[in-house]
Amino acid sequence: MMHLVLPFRFEWLWSDALVWLLVASVIGFAIYTNARPHLRAPWARVSRSASGLAAATVLALFVIVGLLDSVHYREALPSQDGKAAYATELRSVLDRLLQPLRASREKTYSAPLATHLYAKETVQLPDGGEVRVFPRLRHGGAHLVDPQQDWARDVAVKAFRGLAIALLVWFVAAIGVCAAESRRATAGIESVWRDVWAGRTAVPWRAVLAALGLLCVLIGPVTALAPHYHVLGTDKVGQDVLYQALKSIRTGLVIGTLATLVMLPFALVLGVMAGYFKGRIDDLIQYLYTTLSSIPGVLLIAAAVLMMQVYIENHPELFPSTEIRADVRLIALCVILGVTSWTGLCRLLRGEALKLREMEYIQAAHAFGVSHWRIMMRHIVPNVMHIVMIALVMDFSGLVLAEAVLSYVGVGVDPSMISFGTMINSARLEMAREPMVWWSLAAAFVFMLTLVLAANLFADAVRDAFDPRLIMAGRHS
């Protein structure tokens, strides 16, 4: 009897399930919001922000990379008896797409776009003598017969070819945007094209296309060069730094989003209860978050992470593979960061709830005998959601930076998991060697800076759209 052996088998890590559950929740929230004009109005104001949409374009690219890295599978192994057998190594769709980078491991350090190792090695000559040379790389520039003669022209041709393809893709995307806008506005595509670049459209497509064009200018040449060279060099063990930087994106996104969502219930429930009930409940909640805030955050997180690490080491039967252990530690870090980061938002919500409970409609609800729970859910919580939305978006970048700091000091993610923090930690000693290896730190810094900067610009757009004080100030100006 023949058994059907699939070429791969999907494996779902806990973080994968949480990420895709979050994606489904965002889609559901978007559908729910789109059907209600009063909820759709603030997001319409966000869509009219040029800086917000440009930042959202960059964030969308990071999110796509993170989602591709959140679908894991095991490849099928050759089987003689027809029974299914799968590899022990867990890969993601992003690993599959980056296979040329993943497989092109060198012996040790190599500079960006280099064809030789970064350090000299002793090579024995045919006559028995020895000489110190820079050995050729096994993958970077291996197709070149004479690197000294051919390197510059080969890099320029490949980069120009990638740039041309990227600009063609951008032009097609721009034409598509103008065609969709012309159907909506019932105008000619040439007129819409002029309106887009003059900034006369309701949605600032000029900012979106400008951000997309900048991304294409950067991604096109890199995509063309990456299969043939190490665009950002290699690290101490010869692994491609560009591959490490792309793999770090998922870790940053998971920590930034999941830790924020863990923080939300504590801050929302305790903050609203403290402001609404006042009295002893308010005193108790204030005592709780004041005590928690007085403990140094790094020490509290380090203690919790070390306790989790000891538990994992003492119960290896619960974590059968390295990937599962690293994933559990990642989720534990998200929970720990969320539990220790809710105090600031709780204070804001308490202050807003103290103000709202004195409003006339709240007093009228009391007079009609409406229960406390119904007043909080129907009148208090909806009126503090603008603060929650602003805080969630703005805390995201802080949590991404927190992961980098914690992994740098050794209490962050598992050392086997690639993240911006582990890249910076491994680059720490590389900066002190001679000659200095700078590209690992520079790559982690640039990718993390781009992610955090885009998140902060988008957070500013969300704040401007949701903050009622800024909205009223804009109407009176």
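Residues numbered from 1 in each chain as written. Predicted model: local features only at pLDDT ≥ 70, side-chain atom pairs only at ≥ 80, totals over all residues. Heavy atoms only, no water.

Peer 1: Account for the sheet that holds strand 1 (residues 8-11), naming residues and giving values.
Peer 2: Read across the sheet, three strands follow the order 1-2-3 without closing on themselves; strand pairing throughout is antiparallel. Edge positions in the sheet fall to strand 1 and strand 3 (91-92), since each of these pairs with one other strand and no more. For strand 1 and strand 2 (residues 72-75), the ladder comprises four bridges, and the chain directions are antiparallel. Bridge pairing in strand 2 places Glu-11 opposite His-72. (Pairing = 2+ DSSP bridges. Helix = DSSP H or I, 4+ residues; strand = E, 2+ residues; numbered from the N terminus.)

Peer 1: Can you lay out the pattern of salt bridges for me, pointing to particular residues and giving the numbers?
Peer 2: On inspection of all chains with the given rule, the structure shows 17 salt bridges. Among the salt bridges present, the one from Arg-200 reaches Asp-195, with a minimum N-O distance of 2.7 Å. Relative accessible area serves as the criterion here: at 23%, Asp-195 is assigned to the partly exposed category. Arg-329 is the partner of Asp-414 in a salt bridge, and the nearest nitrogen-oxygen pair spans 4.0 Å. Here Arg-329 lies in helix 12 (residues 322-339) and Asp-414 lies in the loop between helix 15 (372-408) and helix 16 (420-430), a separation of 85 residues in the sequence. Linked through salt bridges whose partners overlap, the residues forming this network are Glu-75, Glu-89, Arg-91, Arg-96 and Arg-102. (Salt bridge = Lys/Arg side-chain N within 4 Å of Asp/Glu carboxyl O. Buried < 20%, exposed > 50% of the residue type's maximum accessible area, 1.4 Å probe, protein only.)

Peer 1: Describe the side chain of Glu-403, and please don't skip the residues or the numbers.
Peer 2: Mapped onto the secondary structure, Glu-403 falls in helix 15. One buried charge, Glu-403, has no salt-bridge partner; the nearest side chain with opposite charge is Arg-329, at 9.6 Å. Polar contacts involving the side chain of Glu-403 include one to the side chain of Ser-407, which spans 2.7 Å. Look past the residues within four positions of Glu-403 in its chain and what remains in contact with it is Ile-255, Val-413, Ser-419, Phe-420 and Gly-421. (Lys, Arg positive; Asp, Glu negative; His and termini not counted. Polar contact = N/O pair within 3.5 Å; in protein donor to acceptor, adjacent residues only side chain to side chain. Contact = heavy atoms within 4.5 Å.)

Peer 1: Break down the packing of helix 1 (residues 14-34) against helix 9 (residues 241-277) for me, with residues and values.
Peer 2: It is the contact of helix 1 with helix 9, at a shortest axis distance of 11 Å, that shows an interaxial angle of 65°. By the angle between their axes, helix 1 is roughly perpendicular relative to helix 9. With respect to the hand of their crossing, helix 1 and helix 9 are arranged in left-handed fashion. For the pair helix 1 and helix 9, the contacting residues are Ser-15, Asp-16, Leu-18, Val-19 and Leu-22 in the first and Arg-250, Val-254, Thr-257, Leu-258 and Leu-261 in the second. Of the residues belonging to the contact of helix 1 with helix 9, the class tally is six nonpolar, two polar and two charged. (Axes fitted to C-alpha atoms, helices over the stretch in contact; angles between N-to-C directions. Parallel < 35°, antiparallel > 145°, perpendicular 65-115°, else oblique. Left-handed = near helix turned anticlockwise from the far one by under 90°. Nonpolar A, V, L, I, M, F, W, Y, C, P; charged D, E, K, R; others polar.)

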